[in-house]
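For reference, the chains in residue letters:
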Amino acid sequence: MSFDISLILDSLPKMLSGIGLTFQLLILSGVLGLFLAFVLLLMRLTEKWYFSLPAQVFIYVFRGTPILVQIFIIYYGLPQFEAIRESIFWPILREPFGCAIVALTLNTGAYVSEILRGAVLAVDRGLLEAGSALGLSRNQRFIYITSPLAIRLGIPPYSNDVISLLKSTALASTITIFDMMGIARTIVAETYAPYEIFISLAIIYMIFTFFIQKGFGYFENFMSRHVKK
Amino acid sequence: MTQPLIQMQNVDKFFGSFQALKNINLEVHKGERIVVCGPSGSGKSTMIRCINRLEKHNNGKIFIAGRELTDSEKDIDAVRREVGMVFQSFNLFPHMTVLRNLMLAPQLVRKNNKSKAKEIAMKYLERVKIPDQANKYPSQLSGGQQQRVAIARALCMSPEILLFDEPTSALDPEMINEVLEVMEDLANEGMTMICVTHEMGFARSVADRVIFMDLGEIVEEASPQEFFENPKNERTKLFLSQILSH
C-alpha cells in the first residue's frame, strides 16, 4: 500500500481550519460542564434528598448512556416536541452547534461532579475537625479547607476528563458540524484515502492532548507547592 | 464554690450499638489541670471530643461555662470559640503557612483584621518558641514543631479551656519533651486543661486530678499522688503495672 504524503500536506491545512470549532466545543462545554458539575456537587453534598436525589439520577443517566446517543436524542429527538420548539431554548437547540454544546456539557458535567465529589470526600477528616474545633462554620470550612485541598486532589482525574472531552468533540461531526473531524470525513469521502487523513488527524489530537497534559501538570505543581520541601 | 467550667452529667455515647461512654459524670473548675488515662478504646478521646461537640452525646447533659451543649448551632459555635483542641495528628492545614494557620480563626471567627490577627499569631508563635518558622508550610517542620504550632493555633483564639487528645503519641521520642514543656508552661500559667495522655511523668508533675477510664466508664478519679501510690480499683492497678513496668 502506498502512503500519499502530498495528500497529507494538502489536507492538513484544511483540517486545521476546523481547529477553531473543535476548541469552541471543548472550551464552551468544558467551562459550562464544570459549572454544572459544581452545582450537582453542591446538590449531592446537602443532606436533603430532594436536592441530592435528582442530582444522582441525572448523573446516573448521563454516565449510563453513550454520548453519541445523547447527542442524537438532543439533536434529532428534542425538536419533535412542540414545547421545545416554542421554548426559550429553541434558538440553541435549533442549531447543531448548540445541540453539541448541550450534549457535551451535560455529559462532562455528570462525570466531573463525581470527580469533585471524590476529591471532597478524600480531604482528611481531621483537618475539618480542626476547623470545627477552632469555631469555623460549615461554609467557612468548605471554602478555606475543603476546596483548596480538593482542587489539588481532583486535578489528575479532572485532566483525564478534559482529554476525554477533547476527543468527544469529534462526535459532533455526526450532526453536521465541521470541526476537524467533520472536515476529515469530508476529505475522506472525496479522496477515499482514510489512512492518510485519519492518521494525521489522530496525530493532531495527540499533540493537543500533550499540551493539555502539560498544562495540568504545571497547575498540579502549583497547587502542590506547599508539600515541597 | 464557683460554677464549674465543664459539667458532664450522666453522659452516654453510642457508636451504633457499641456504648463508648457509660454514665460519665465530670466537673472541671477554672484553672484545673486534668489528666485522663486508660487503655485504648476506653473512651478517653470520645469523652473530650464530646466537650466541643466533635462527637454528639446521646444521653445526659453537658454544660460548658454554664451553656448547655444542644443541637443549636449557636450554642455549639459559642462553645467551640471558648474550647481549644490539640490533636494527636496535629491537623495543621497543609496548604497554609504556619502564620496563616494561626491567623485563620482569629480573622474568620473573631473578626480581627489582618494586622491584629498577625500580631496575635506572632505572639503565640513566640510563646511556643518558633517565630522563625512563621512563613514555612507545616510539611517543612518536624513533628514536635508542628504540634507546637497546633498548640499556638489553639491559643490564638484565647480559649478558656484547652483539650489535648494524645498530643505526644504521634511524635518521635526525642520530640516529646519540647511539646510537654510547652504544655507545662501553659499549666503553670493557670490554663484550664484536660489532657488525654500516656505521659505519666507529665501527669505526676502538673495534674491536679488524674482520671482513669476503662470500657467507657470513669473507674477512678484521684490526685496524682493518690492515683500512683495508692490506686483503689483493680483495673487501675493492672493498667498502672502494665505501663509503669517497663
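The structure reproduced in this document is the subject of the present report. These figures come from a predicted structure and were not determined experimentally. (Residues numbered from 1 in each chain as written. Chains lettered and ligands numbered in written order. Predicted model: local features only at pLDDT ≥ 70, side-chain atom pairs only at ≥ 80, totals over all residues. Heavy atoms only, no water.)

1. Considering the sheet that holds strand S4 (residues 59–64) of chain B
Here four strands make up an open sheet; going across it, the order is S2-S1-S4-S5 (chain B) and the pairing antiparallel. Each end of this open sheet is capped by a strand with a single partner; those strands are strand S2 (18–28) and strand S5 (67–68) of chain B. (Pairing = 2+ DSSP bridges. Helix = DSSP H or I, 4+ residues; strand = E, 2+ residues; numbered from the N terminus.)

2. Re the packing of helix H9 (residues 138–168) of chain A against helix H11 (residues 194–223) of chain A
Residue and element names in this part refer to chain A. The N-to-C vectors of H9 and H11 enclose an angle of 175 degrees; their axes lie 10 Å apart at closest approach. As the angle between them shows, H9 and H11 are arranged roughly antiparallel. For the pair H9 and H11, contact is made by Pro148, Ile151, Arg152, Ile155, Pro156, Tyr158, Ser159, Val162, Ile163 and Leu166 and by Tyr205, Phe208, Thr209, Ile212, Gln213, Phe216, Phe219, Glu220 and Met223, respectively. Of the residues contributing to the contact of H9 with H11, the split by class is 14 nonpolar, three polar and two charged. (Axes fitted to C-alpha atoms, helices over the stretch in contact; angles between N-to-C directions. Parallel < 35°, antiparallel > 145°, perpendicular 65-115°, else oblique. Contact = heavy atoms within 4.5 Å. Nonpolar A, V, L, I, M, F, W, Y, C, P; charged D, E, K, R; others polar.)

3. Quick word on the pairing of strand S9 (residues 209–214) of chain B
Regular strands place side chains that alternate from one sheet face to the opposite one. Residue and element names in this part refer to chain B. Most of S9 sits inside the fold, with six of its six residues counted as buried. Where strand S3 (residues 33–37) and S9 come together, four bridges link them in parallel fashion. Paired with Ile34 across the strands is Arg209, a residue of S9. What sits between the antiparallel neighbours S9 and strand S10 (residues 217–222) is a turn of two residues, in which Leu215 has the positive phi angle 50 degrees. (Buried < 20%, exposed > 50% of the residue type's maximum accessible area, 1.4 Å probe, protein only.)

4. Describing the interface of chain B and chain A
Tallying the contact residues gives 24 residues for chain B and 23 residues for chain A. Between chain B and chain A, the buried area comes to about 2000 Å², and carbon and sulfur atoms account for 64% of it. Looking only at chain B, the three residues that lose the most surface to chain A are Phe93, His95 and Leu108 of chain B, adding up to 26% of its buried area. Across the contact surface, chain B and chain A share one salt bridge. Across the salt bridge formed by Arg49 of chain B and Glu129 of chain A, the nearest N and O atoms sit 2.7 Å from each other. Counting the contacts that link chain B with chain A gives four residue pairs in polar contact (both at pLDDT 80 or more). (Buried area = accessible area lost by both parts, 1.4 Å probe. Salt bridge = Lys/Arg side-chain N within 4 Å of Asp/Glu carboxyl O. Polar contact = N/O pair within 3.5 Å; in protein donor to acceptor, adjacent residues only side chain to side chain.)

5. Describing the side chain of Ser52 of chain A
Positionally, Ser52 of chain A belongs in helix H3 (residues 49–64). Leaving out residues up to four positions away in the same chain, Ser52 of chain A has contacts with Met43, Arg44 and Thr46 of chain A.

6. Some words on the packing of aromatic side chains
Under the definition given, this model contains ten aromatic pairs over all chains. Both rings, one in Phe227 of chain B and one in Phe228 of chain B, keep their centres 5.2 Å apart while their planes meet at 90 degrees; by these two values the pair is edge-to-face. Taken as a pair, Phe227 of chain B and Phe228 of chain B share a single burial class, namely buried. Stacked on the ring of Phe222 of chain A, the Lys or Arg Arg225 of chain A has its end atom at 4.3 Å from the ring centre. Positioned above the aromatic ring of Phe93 of chain B, the side-chain terminus of Arg153 of chain B is 4.6 Å from the ring centre. (Phe/Tyr/Trp six-rings, centres within 6.5 Å; stacked < 30°, edge-to-face > 60°. Lys NZ or Arg CZ within 6 Å of the ring centre and 35° of its normal.)

7. So, the nonpolar core
Most often, soluble globular proteins have nonpolar side chains that are buried together. Ile151, Phe164, Met183 and Met193 of chain B are the most contacted members of the largest nonpolar core, which has 52 residues in total. Sorting elements by how many residues they give to this core places helix H6 (residues 173–188) of chain B first, with eight residues. Leave out the neighbours within four places in its chain, and Met183 of chain B touches Ile151, Phe164, Pro167, Met193, Cys195 and Phe202 of chain B. With 48 residues, the next largest nonpolar core counts Val120 of chain A together with Leu21, Val28 and Ile34 of chain B among its residues. (Core = buried A, V, L, I, M, F, W, Y, C linked by side-chain atoms within 4.5 Å.)

8. Points about the side chain of Thr209 of chain A
Considering the arrangement of structural elements, one finds Thr209 of chain A in helix H11. Those residues in contact with Thr209 of chain A, other than ones at most four positions away along the chain, are Ile163 and Leu166 of chain A.

9. Considering the environment of Ala121 of chain B
Residue and element names in this part refer to chain B. Along the chain, Ala121 falls in helix H4 (residues 114–127). Using a relative accessible area of 0% as the deciding quantity, one classes Ala121 as buried. Spatially, the C-alpha atom of Ala121 lies 35 Å from that of Ser223, the residues being 102 residues apart in sequence.

10. Details of the pairing of strand S8 (residues 192–196) of chain B
Residue and element names in this part refer to chain B. Of all five residues in S8, five are buried, a share of seventy percent or more. Across the two faces of S8 the burial is the same, with Thr192, Ile194 and Val196 and Met193 and Cys195 all buried. Across four bridges, S3 lies against S8 in parallel orientation. Each residue of the ladder has a partner; that of Ile34, found in S8, is Ile194. Following the chain from strand S7 (residues 161–165) across H6 to the adjacent parallel S8, one finds a crossover that is right-handed. (Right-handed = clockwise from strand over helix to strand, strands pointing away.)

11. Side note on helix H2 (residues 73–82) of chain B
What H2 of chain B keeps buried is the set Asp75, Ile76, Ala78, Val79 and Arg80 of chain B. Contact partners of the buried residues in H2 of chain B: helix H8 (125–133) and H9 of chain A together with helix H1 (44–51), S4, S5 and strand S6 (83–86) of chain B.

12. Details of the pattern of salt bridges
Counted according to the given criterion, the structure contains 22 salt bridges over all chains. Notably, a salt bridge pairs Glu114 of chain A with Arg63 of chain A, separated by 3.9 Å at the nearest N-O pair. Separated by 51 residues along the polypeptide, Glu114 of chain A in helix H7 (residues 96–122) and Arg63 of chain A in helix H3 bring together distant segments of the chain. A relative accessible area of 39% places Arg63 of chain A in the partly exposed class. The closest approach of N and O atoms between Arg53 of chain B and Asp71 of chain B, which form a salt bridge, is 2.8 Å. Here Asp71 of chain B lies in the loop between S5 and H2 and Arg53 of chain B lies in the loop between H1 and S4, a separation of 18 residues in the sequence. Look at Arg53 of chain B and you get buried, because its relative accessible area is 9%.

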